[in-house]
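The residues making up each chain are set out below.
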Amino acid sequence: MENNMWKENFKSLNTSRQIEILQGAQDIISQKVQNEINAGKRQGNFEVVDISYNKLDGEKVVFDVTILDKTTGQETHEFYNDELDKIDLGRSQIEDLQYIGMDTSALENDISKLDSLEKNQDSVSLSQLKELDRQVDETAKSLGLSRDEILYSATIDSNLELKMKADSLGGSQYDRIDADEKVSTYYNMGQVIGENYVSYQIIKTSGNQYRLMGIDEKGYAEEIGQDRVEYLKDVPAVSLMQENGEVRESRVLCAFRLKDTQSDINRDQVIGLCDNGSADKTTFYARGAITTEQMPAISIPNRTYSEERVKQEQVMDRHITPSVENVDVIYKIAQEFEIDGSELLEEVLKKINAKSFDNFKENEMEEVARDVASDLARVYHDRGERTYPGEPPRH
């Protein structure tokens, strides 16, 4: 074996090389165990299932070998030195020395250290390395990066999870959104997506795949998995509410529906990226994933907080306006009467009991909205505004 590698450089080797060396050591010890079984020195059906690299007192290399008794299903630990020779714990020797009054404290201390190796935080096991190698391959495939790019920018946390620095993800990175960014009257991004991240970000990988990432307090990012979000393939556009109250049809580049089975209202929520006609792409929050053809949406993060934004948050709120279909009806009527949709929604909510908003059928909501819109149109006329600023003239 490459003893100098054990003693000096093993921890600095890359994962693939560490796996190669530990696998070789395990194969040699497995053969030794098999030879002992064949020679009758071991009784039973044993298999070496794992091996870990350790250093005692920062100097002495020791391998902790996990052996499975395939008959009983029990695992035991044996220890081998850097020459891959088994270390005799000498328990019987301790008893003999104690019997004749010898001091055995140093020997007992060595045995105690060996017994605690399986709890050693600095150990490197073959099974852990193989799992990390699998994570590297999986992450590289998911993010469209090479193994070298992943290994260069990744780290391993205390739970042996692979972590990527958010700034090194590559590809196209769009607005990073703080978890406390409001997307409705009562909810922020952290409450909508969850998972205890401090911020969120959509990236487009070098392989032209869009990914929704969560970023922790240390700046490490991980993909929010399919157990939490569903990538929607057939969303052509959203109705994106502008800062001036105008609603603009915006082409969707990617969309992720939140998987929340508690209610249809929750399952309606979408995070995505759209092109609103400007040079910059816009991250949006939308509702209506399972109820409307074109979802009402707002931009996140919000650049300017205004009265118009407050109205938009009311539209997006699941408690104030749970029925997205009825919001759709109101905005269509607002366009018909050439008035501000947010203002019409606000006036409709004043006229009816907001808590019963979602109980109105579409034809009932249309009737109410038309009455209110007619009154608002007269107000617009009295103010000398044939159309709401920014809206096209009526033909």
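Shown above is the structure to which this text applies.
Residues numbered from 1 in each chain as written. Predicted model: local features only at pLDDT ≥ 70, side-chain atom pairs only at ≥ 80, totals over all residues. Heavy atoms only, no water.

Enquirer: How should the overall build of the protein be read in this particular structure?
Expert: Each helix and strand in the protein was counted, giving twelve helices and 17 strands. Relative to its 395 residues, the protein shows a buried fraction of 46%. Considering only residue pairs separated by 6 or more positions, the protein has 53% of its internal contacts joining residues 24 or more positions apart. On the protein, roughly 21,200 Å² of surface is accessible, and the fraction owed to carbon and sulfur atoms is 44%. (Helix = DSSP H or I, 4+ residues; strand = E, 2+ residues; numbered from the N terminus. Buried < 20%, exposed > 50% of the residue type's maximum accessible area, 1.4 Å probe, protein only. Contact = heavy atoms within 4.5 Å. Areas by Shrake-Rupley, 256 points an atom, 1.4 Å probe, with all protein chains shown as cover.)

Enquirer: Just checking my understanding: could you explain the side chain of arginine 257 for this structure?
Expert: Turning to its location among the elements, arginine 257 is positioned in strand β14 (residues 247-258). Taking relative accessible area as the criterion, arginine 257 reaches 11% and is therefore assigned buried. Engagement of the side chain of arginine 257 in a polar contact is seen with the side chain of glutamate 230, the distance being 2.6 Å. (Polar contact = N/O pair within 3.5 Å; in protein donor to acceptor, adjacent residues only side chain to side chain.)

Enquirer: So what exactly am I meant to see when it comes to the nonpolar core here?
Expert: One broad rule of soluble globular proteins: the nonpolar side chains tend to lie buried together. Formed by 26 residues in total, the largest nonpolar core has its most connected members in Met189, Ile193, Ile202, Tyr210, Leu212 and Ile271. Elements that contribute at least two residues to this core include exactly α7 (189-193), β9 (199-204), β10 (210-215), β14, β15 (270-275), β17 (295-300) and α10 (324-337). When neighbours within four sequence positions are excluded, leucine 212 is seen to be in contact with Ile193, Gln201, Ile202, Glu222, Glu223, Ile224, Val229, Phe256 and Ile271. Formed by 20 residues, the second largest nonpolar core is a distinct cluster that contains Ala25, Val61, Val65 and Leu129. (Core = buried A, V, L, I, M, F, W, Y, C linked by side-chain atoms within 4.5 Å.)

Enquirer: Quick question: what am I supposed to make of the pairing of β15 here?
Expert: Along any regular strand the residues' side chains alternate between the sheet's two faces. For β15, the tally of buried residues reaches six of six residues, placing the bulk of the element in the interior. Burial of the side chains of β15 extends over both faces: Val270, Gly272 and Cys274 are buried on one face and Ile271, Leu273 and Asp275 on the other. Bridge count between β14 and β15: six bridges; the pairing is antiparallel. Bridging from a neighbouring strand, arginine 257 pairs with valine 270 of β15. Bridge count between β15 and strand β16 (residues 281-286): six bridges; the pairing is antiparallel. Looking at the pairing, cysteine 274 lines up with threonine 282 of β16. (Pairing = 2+ DSSP bridges.)

Enquirer: So what exactly am I meant to see when it comes to the layout of surface pockets here?
Expert: Over the atoms rolls a probe the size of a water molecule, and its path tells where empty space is left. For the largest pocket, the calculated volume is near 700 Å³. If you trace the largest pocket, you find 28 residues lining it, with Glu138, Ser142, Glu223, Ile224 and Gly225 closest to the centre. Residue assignment for the lining of the largest pocket shows that the elements contributing at least two residues are α5 (126-143), β6 (162-165), β10, β11 (220-223) and β12 (229-232). Broken down by element, the residue count for the lining of the largest pocket peaks at seven residues, all from α5. (1 Å grid on protein atoms, 1.4 Å probe; cavity = no way out; pocket = protein on both sides within 12 Å on 5 of 7 lines; lining within 4 Å. Points joined across faces, edges and corners; volume = space filled by probe spheres on them.)

Enquirer: Where do I start with the side chain of serine 52 in this structure?
Expert: For serine 52, the position within the fold is in strand β1 (residues 46-56). A distance of 3.1 Å separates a polar atom in the side chain of serine 52 from a polar atom in the side chain of asparagine 54. Look past the residues within four positions of serine 52 in its chain and what remains in contact with it is Val62, Phe63, Asp64, Ser123, Val124 and Ser125.

Enquirer: How should the pattern of salt bridges be read in this particular structure?
Expert: One pass over the full model with this rule turns up 15 salt bridges. The closest approach of N and O atoms between glutamate 78 and arginine 42, which form a salt bridge, is 2.7 Å. Here the residue glutamate 78 occupies a position in strand β3 (residues 75-80), and arginine 42 occupies one in the loop between α2 (15-38) and β1, the gap between them amounting to 36 residues. Accessibility expressed as a relative area gives 10% for arginine 42, which makes it buried. Aspartate 275 is the salt-bridge partner of arginine 251, the closest N and O atoms lying 3.5 Å from each other. You can see arginine 251 sitting in strand β14 and its partner aspartate 275 sitting in strand β15, a full 24 residues away along the chain. When its relative accessible area of 46% is taken as the criterion, arginine 251 is described as partly exposed. On the basis of relative accessible area, aspartate 275 is assigned to the buried category, the value being 18%. Taken together, the shared-partner salt bridges in this structure form one network comprising Glu36, Arg42, Glu78 and Lys86. (Salt bridge = Lys/Arg side-chain N within 4 Å of Asp/Glu carboxyl O.)

Enquirer: Please clarify how the environment of threonine 71 should be interpreted in this entry.
Expert: Summarising the element assignment, threonine 71 is placed in the loop between β2 (60-69) and β3. Judged by its relative accessible area of 63%, threonine 71 falls in the exposed class.

Enquirer: Explanation requested: α5 in the structure shown.
Expert: Here α5 spans 26 Å end to end across 18 residues, near enough to the 26 Å set by a 1.5 Å rise per residue. Of the residues making up α5, those classed as buried are Leu126, Leu129, Leu132, Asp133, Gln135, Val136, Thr139, Ala140, Ser142 and Leu143. Trailing α5 by a residue or two, glycine 144 shows a phi angle of about 70°, which is positive. (Expected span 1.5 Å × (residues − 1).)

Enquirer: Help me understand unusual backbone geometry in this model?
Expert: Negative phi values dominate among residues other than glycine, just as trans dominates among peptide bonds. A positive phi angle is found at leucine 84, which is not glycine, with a value near 65°. Tracing the backbone through its elements, the reader meets leucine 84 in the loop between β3 and α3 (91-99). Overall, the relative accessible area of 2% leaves leucine 84 in the buried class. In this structure, glutamate 338 is a non-glycine residue whose phi angle is positive, near 60°. When you line up the elements, glutamate 338 lands in the loop between α10 and α11 (341-351). The buried category is assigned to glutamate 338, whose relative accessible area is 4%.

Everything listed is a geometric property; what it means functionally is a separate question.
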